[in-house]
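Examination of the molecular architecture
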Amino acid sequence: MDVVRSISEMQVMRNAVEGQKCSIGFVPTMGTLHEGHLSLIRSARDECDKLIVSIFVNPMQFDREDDLAAYPQQLETDIDIVKKEKVDVVFAPCKEEIYPEGFCTRVELKKLTENLCGKRRPGHFEGVATIITKLFNIVKPDRAYLGQKDYQQYIIIKRLVQDLNMGIDIKLLPTVRDKDGLALSSRNRHLSAEERIKARCLYEALLKAKSLVRDNQREVEKIKSEMEGIILHVRDAKIDYISIVDSDTLIEKTEVSGDTIAAVAVWIGSTRLIDNIVIDT
Ligand code: AMP
């Protein structure tokens, strides 16, 4: 496995297989890898001839300095983890390599960034779209693998690829959860033992929404209020948002019918967690 720190070296490696009948799979990550990341890596490994994983904590997508400073990083451990997964190349550039002096381009999407996390974290998806555009231009993958856990990010990247004719197949894989339902996330490390138990309320609220819809409750306000009840029951849990949206447009619904996602962002102490599930198809 090669560990590549520079863009030029990554491009040389990528271009060496250009023209060969060889599919390139790509898994972009911010590191501190867990089973969620590994499920993407394993699918990509199964489906592609070459597999490139990037590890880069992208400063541009953080809306708070303290959040960026506290984001966990463990490059050496991550490299050991991916070695076991038969990854071909780990691309792990430093901040200055990606954003050299004078860098001033931003990739901005309208509409899809107006709801959910886009509304709550100004500039976040501009940062995501900019780094993904750069990584896709450098790595030139045939397929990229993303997780449902960051559903809005997936919808935005799919749109970006379509709008800018990048010709990359975007694959979505299900959210990997702990036994009690909490979605795996690098941020879970910030939770104390007590907070870790409290964090179960996100998935519980989402499951409640799903079961209400199964029982034919279609009124979004009623569903949201039940979800709210579950979360607010937990001391120190603060709702950032509860949204029920169309799975393609991410527009808020008033009635559940057809493809619908319930999504939540909740502060557990000083850690902000997100999760979502499909509640109707
Ligand atoms: P991150 O390192 O948090 O930027 O995530 C990198 C990729 O892993 C994104 O496509 C995420 O959606 C995906 N991912 C993160 N957590 C999970 C999870 N629990 N299950 C599945 N995919 C995940």
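Side note on helix α7 (residues 124-139)
An ideal rise of 1.5 Å per residue puts 22 Å on 16 residues; α7 measures up with 22 Å between its terminal C-alpha atoms. Of all 16 residues in α7, 14 are buried; the element is thus mostly enclosed.

A word on the packing of aromatic side chains
Inspection of the entire model under this criterion finds five aromatic pairs. Look at Tyr 99 and Phe 103: their rings are 5.0 Å apart centre to centre, the planes differ by 75 degrees, and that puts the pair in the edge-to-face class. Residue Tyr 99 is classed as buried on the basis of its relative accessible area, which comes to 16%. Take Phe 103: its relative accessible area is 26%, and that puts it in the partly exposed class. Taking the centre distance of 5.7 Å and the plane angle of 50 degrees together, the rings of Tyr 151 and Tyr 154 count as tilted. One end of the pair, Tyr 151, and the other, Tyr 154, are both in helix α8 (residues 151-163), three residues apart, so they sit about a helical turn from each other. Each of the two residues, Tyr 151 as well as Tyr 154, counts as buried. Through a chain of ring-to-ring contacts, the aromatic side chains of Phe 56, Tyr 99 and Phe 103 assemble into a single cluster.

Some thoughts on the site of the ligand
Met 30, His 37, Asp 150, Val 176 and Leu 184 are the nearest of the 17 residues found near the ligand. The side chain of His 37 places a nitrogen or oxygen atom 2.8 Å from an oxygen atom of the ligand. Gly 147 places a polar main-chain atom, nitrogen or oxygen, 3.0 Å from an oxygen atom of the ligand. Elements that contribute at least two residues to the shell around the ligand include exactly β2 (24-29), α2 (35-47) and β5 (143-147). Of all the elements, α2 adds the most residues to the shell around the ligand, at three residues.

Regarding the sheet that holds strand β7 (residues 237-246)
What the three strands build is an open sheet, ordered β7-β8-β9; its pairing is antiparallel. In this open sheet, the two strands that pair with only one neighbour each are β7 and β9 (271-280). Each adjacent strand pair in this sheet contributes to an overall mean axis angle of 15 degrees, direction not counted. With nine bridges connecting them, β7 and strand β8 (residues 260-268) associate as antiparallel partners. Within the sheet, the bridge partner assigned to Lys 238 lies in β8 and is Trp 267. Sitting on the sheet, helix α10 (residues 200-214) is in contact with β7, β8 and β9, with an inclination near 15 degrees to β9.

Here we look at the packing of α7 against α8
Put simply, α7 and α8 touch, their axes get as near as 10 Å, and they point 50 degrees apart. Taken together, the axes of α7 and α8 lie oblique to each other. The hand of the α7/α8 crossing is right-handed. Of the residues in α8, those in contact with Phe 125, Val 128, Ala 129, Ile 132, Thr 133 and Phe 136 of α7 are Gln 152, Gln 153, Ile 156, Ile 157, Leu 160 and Val 161. Its residues assigned to classes, the contact of α7 with α8 shows nine nonpolar, three polar and no charged.

Here we look at the environment of Arg 121
By secondary structure assignment, the location of Arg 121 is in the loop between α6 (116-120) and α7. Classification of Arg 121 by relative accessible area gives buried; the value is 10%. For Arg 121, the contacting residues outside a window of four places in its chain are Gln 61, Phe 62, Asp 63, Asp 67, Arg 187 and Arg 272.

Points about the domain arrangement of the chain
According to the domain assignment, the chain contains domain 1 (2-173) and domain 2 (186-279). Tallying the contact residues gives 23 residues for domain 1 and 22 residues for domain 2. Together, the buried faces of domain 1 and domain 2 total about 1,900 Å²; carbon and sulfur atoms form 52% of this surface. Sorting the residues of domain 1 by area buried against domain 2 places Leu 116, Arg 120 and Tyr 151 first, and these three jointly supply 28% of that buried surface. Linking domain 1 with domain 2 are two salt bridges. The closest approach of N and O atoms between Arg 120 and Asp 240, which form a salt bridge, is 2.8 Å.

Cut-offs and rules
Residues numbered from 1 in each chain as written. Predicted model: local features only at pLDDT ≥ 70, side-chain atom pairs only at ≥ 80, totals over all residues. Heavy atoms only, no water. Helix = DSSP H or I, 4+ residues; strand = E, 2+ residues; numbered from the N terminus. Expected span 1.5 Å × (residues − 1). Buried < 20%, exposed > 50% of the residue type's maximum accessible area, 1.4 Å probe, protein only. Phe/Tyr/Trp six-rings, centres within 6.5 Å; stacked < 30°, edge-to-face > 60°. Near = heavy atom within 4 Å. Polar contact = N/O pair within 3.5 Å; in protein donor to acceptor, adjacent residues only side chain to side chain. Pairing = 2+ DSSP bridges. Axes fitted to C-alpha atoms, helices over the stretch in contact; angles between N-to-C directions. Contact = heavy atoms within 4.5 Å. Parallel < 35°, antiparallel > 145°, perpendicular 65-115°, else oblique. Left-handed = near helix turned anticlockwise from the far one by under 90°. Nonpolar A, V, L, I, M, F, W, Y, C, P; charged D, E, K, R; others polar. Domains from an automatic or database assignment. Buried area = accessible area lost by both parts, 1.4 Å probe. Salt bridge = Lys/Arg side-chain N within 4 Å of Asp/Glu carboxyl O.

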